[in-house]
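Next come the chains, spelled out residue by residue.
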Amino acid sequence: MKIERDPVDDEIPTSSMADIAFLLIIYFMVTTTFAATRGLDFALPEEDDNPPVVEKEDSVLIEIQPSGELVVDQKPMQLSEIIPYLEPKLVNNPKKPVIIRPDPISPYKYMVSVLDELRQATDKSTQITEDIRISVPTQREIEALWF
Amino acid sequence: MKLASRELESTIPTASMADIAFLLIIFFMLTMTFEVDKTKVQLPQTNLRYEIPKKAAYVAIDVQGQIKVSNGEELSASVGNADDVLSFAATVIATDPNKEFVIKADGNVDYAEVDAVMDALKRAKVKLIYLLSDAATQG
């Protein structure tokens, strides 16, 4: 008696290859943590041996207390009150410098929120048309120039 | 005369599906930007947030004041204090004078720590820094 053989299948099964590949795509997509890639830009002034002398009286000084309270030109103020306070001064003199001076033991986030608020001045006020000249002197600069 | 009706082919060709999928994998792998710094920080929140250029150098400050630096290509490494940041930044600026620096600092860290780093970057003649932030929840 002759045994009937099945014809030998000589192809590599590739139909599941796509499933494997898509599974890999999905695995990598799920495990990828997205890096935070946005933030507030801040141009550092060029280090100058003879920096332009800014009279303290000409500028607006925003001090940040350790508790996060703000003192603008010796007057306590809320964050939202800063722009209305600055508005008439900046209309008078758009180049008026605004100095942010956080207390060394104040949390960093308060300085960032003040910077954020000042940078939005042109959006929040119709009268302020130029970007505010913000400067955040470092402790070393304050010691070198002011005292 | 009776026409012999042809048998219709009823399979969808799936042989190239794997090629397409692998092409997608390779595309995603090439376009993925690697996170150079894995420090866990509670970022401060801002309304204004601008895209940070790729390959920017990182200075990370965690809530304990630990500083880590990365030139934007290698994983960040711990450094001792702000003076080390100055020498690191000076090296980076020497190769690329327009390199942007990103300060990734915890919102609750004392400002003095950030101040020391900013001072170091200023002295290293860095032109532009970015303060990494999260989107503000309100408004």
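Sequence positions are assigned chain by chain, starting from 1 and proceeding in written order. Ligands are numbered from 1 and chains lettered from A, in the order in which they are written. In keeping with the model being predicted, local features are shown solely for residues with a pLDDT of at least 70 and side-chain atom pairs are shown and tallied solely at 80 or more, while totals for entire chains, interfaces and linings include all residues.

## Re the overall build of chain B
Part 1 of the reasoning: Counting its secondary structure elements, chain B contains three helices and eight strands.
Part 2 of the reasoning: Only DSSP runs of H or I with at least four residues qualify as helices, and only runs of E with at least two residues qualify as strands; both kinds are numbered from the N terminus onward. When the helices and strands of chain B are read in sequence order from the N terminus, they spell out α-β-β-β-β-β-α-β-α-β-β.
Part 3 of the reasoning: Only C-alpha atoms enter the radius of gyration, while the globule expectation follows 2.2 Å times N to the 0.38, with N the number of residues. The C-alpha atoms of chain B give 25 Å as radius of gyration, which overshoots the globular expectation for 139 residues (14 Å, by more than 25%).
Part 4 of the reasoning: Projecting the C-alpha coordinates of chain B onto the three principal axes gives extents of approximately 95 × 40 × 25 Å.
Part 5 of the reasoning: Within chain B, buried positions represent 37% of all 139 residues.
Part 6 of the reasoning: Partitioning the intrachain contacts of chain B with sequence separation of at least 6 by distance along the chain shows that 66% fall at a separation of at least 24. In this scheme the burial state of a residue depends on its C-beta neighbours within 10 Å: 20 or more other such atoms mean buried, 12 or fewer mean exposed, and anything in between means partly exposed; the C-beta positions come from the backbone. Whether two residues are in contact depends on their C-beta atoms, placed from the backbone: they are in contact if these lie within 7 Å.

## A word on the overall build of chain A
Part 1 of the reasoning: Helix and strand counts for chain A come out as five helices and six strands.
Part 2 of the reasoning: For chain A, the α and β elements follow one another from N to C terminus as α-β-β-β-β-α-β-α-α-β-α.
Part 3 of the reasoning: Looking at chain A as a whole, 18% of its 147 residues are labelled buried.

## Thoughts on the sheet that holds strand β5 (residues 77–79) of chain B
Part 1 of the reasoning: Read across the open sheet, the seven strands follow the order β2(B)-β1(A)-β7(B)-β6(B)-β3(B)-β4(B)-β5(B); overall the sheet is mixed. Two strands close off the open sheet at either side, each with one partner strand: β2 (50–51) and β5 of chain B.
Part 2 of the reasoning: Here, a strand pair is defined by DSSP locating no fewer than two bridges between the strands. Where strand β3 (residues 57–61) of chain B meets strand β6 (residues 101–105) of chain B, five bridges bridge the pair, whose relative direction is parallel. For B:Val59, the partnering residue across the bridge sits in β6(B) and is B:Ile103.

## A few points about helix α3 (residues 111–123) of chain B
Along an α-helix, residues three or four apart share an orientation, since each turn contains 3.6 residues.
Residue and element names in this part refer to chain B.
Part 1 of the reasoning: Taking 1.5 Å per residue as the helical rise, α3 with its 13 residues ought to reach 18 Å, and the 18 Å between its terminal C-alpha atoms agrees with that figure.
Part 2 of the reasoning: When you tally the buried positions in α3, you get 10 out of 13 residues, the bulk of the element.
Part 3 of the reasoning: Buried within α3 we find Tyr111, Glu113, Val114, Asp115, Ala116, Val117, Met118, Ala120, Leu121 and Lys122.
Part 4 of the reasoning: Count one or two residues on from α3 and you reach Lys125, which has phi positive near 65 degrees. By this rule the span expected of a helix is its residue count minus one, scaled by 1.5 Å.

## Some words on unusual backbone geometry
Part 1 of the reasoning: Despite not being glycine, A:Asp73 has its phi angle at roughly 45 degrees, a positive value.
Part 2 of the reasoning: Backbone geometry places B:Lys55, a non-glycine residue, at a positive phi of 70 degrees.
Part 3 of the reasoning: Looking at the secondary structure, you find B:Lys55 in the loop between β2 and β3.
Part 4 of the reasoning: Classification of B:Lys55 by C-beta neighbours within 10 Å gives partly exposed; the count is 13.

## A short note on the nonpolar core
Part 1 of the reasoning: Core analysis: the largest hydrophobic core is formed by 51 residues, its most contacted members being B:Val59, B:Phe101, B:Ile103 and B:Val117.
Part 2 of the reasoning: The contact partners of B:Phe101, leaving out residues within four places of it in the chain, are B:Ala56, B:Ala57, B:Val59, B:Ala89, B:Leu121, B:Val126 and B:Ile129. Note on definitions: a nonpolar core is a set of buried residues drawn from Ala, Val, Leu, Ile, Met, Phe, Trp, Tyr and Cys, linked by C-beta atoms within 7 Å.

## Thoughts on the interface of chain B and chain A
Part 1 of the reasoning: Taken together, the contact between chain B and chain A spans 46 residues of the former and 39 residues of the latter.
Part 2 of the reasoning: If you list the elements that add at least two residues to the side of chain B that touches chain A, you get α1 (17–31), β2, β6, α3 and β7 (128–132) of chain B.
Part 3 of the reasoning: Taken together, the five bridges between strand β1 (residues 38–43) of chain A and β7(B) define a ladder with antiparallel strand orientation. Residue pairing across strands places A:Phe42 opposite B:Ile129, the latter belonging to β7(B).

## Considerations on the confidence of the model for chain A
Part 1 of the reasoning: Looking at any residue, its pLDDT shows the predictor's confidence there, from 0 to 100. Taken residue by residue, chain A gives an average pLDDT of 81. The fraction at 70 or more is 87%.
Part 2 of the reasoning: Mean pLDDT values over the elements of chain A span from 77, in helix α5 (residues 139–146) of chain A, up to 90, in helix α3 (residues 108–119) of chain A.

## Concerning the confidence of the model for chain B
Part 1 of the reasoning: Per-residue confidence for chain B gives a mean pLDDT of 85; residues scoring 70 or more make up 94%.
Part 2 of the reasoning: Here the predicted complex scores 0.75 on pTM and 0.75 on ipTM.

## Focus: the environment of B:Ala82
Residues and elements named next belong to chain B.
Part 1 of the reasoning: Looking at the element boundaries, Ala82 is found in helix α2 (residues 82–95).
Part 2 of the reasoning: Each C-alpha atom, one on Ala82 and one on Tyr58, is 14 Å from the other, the two residues being 24 residues apart in sequence.
Part 3 of the reasoning: Each residue touching Ala82, except ones within four places of it in the same chain, is listed here: Ala116, Val117, Asp119 and Ala120.

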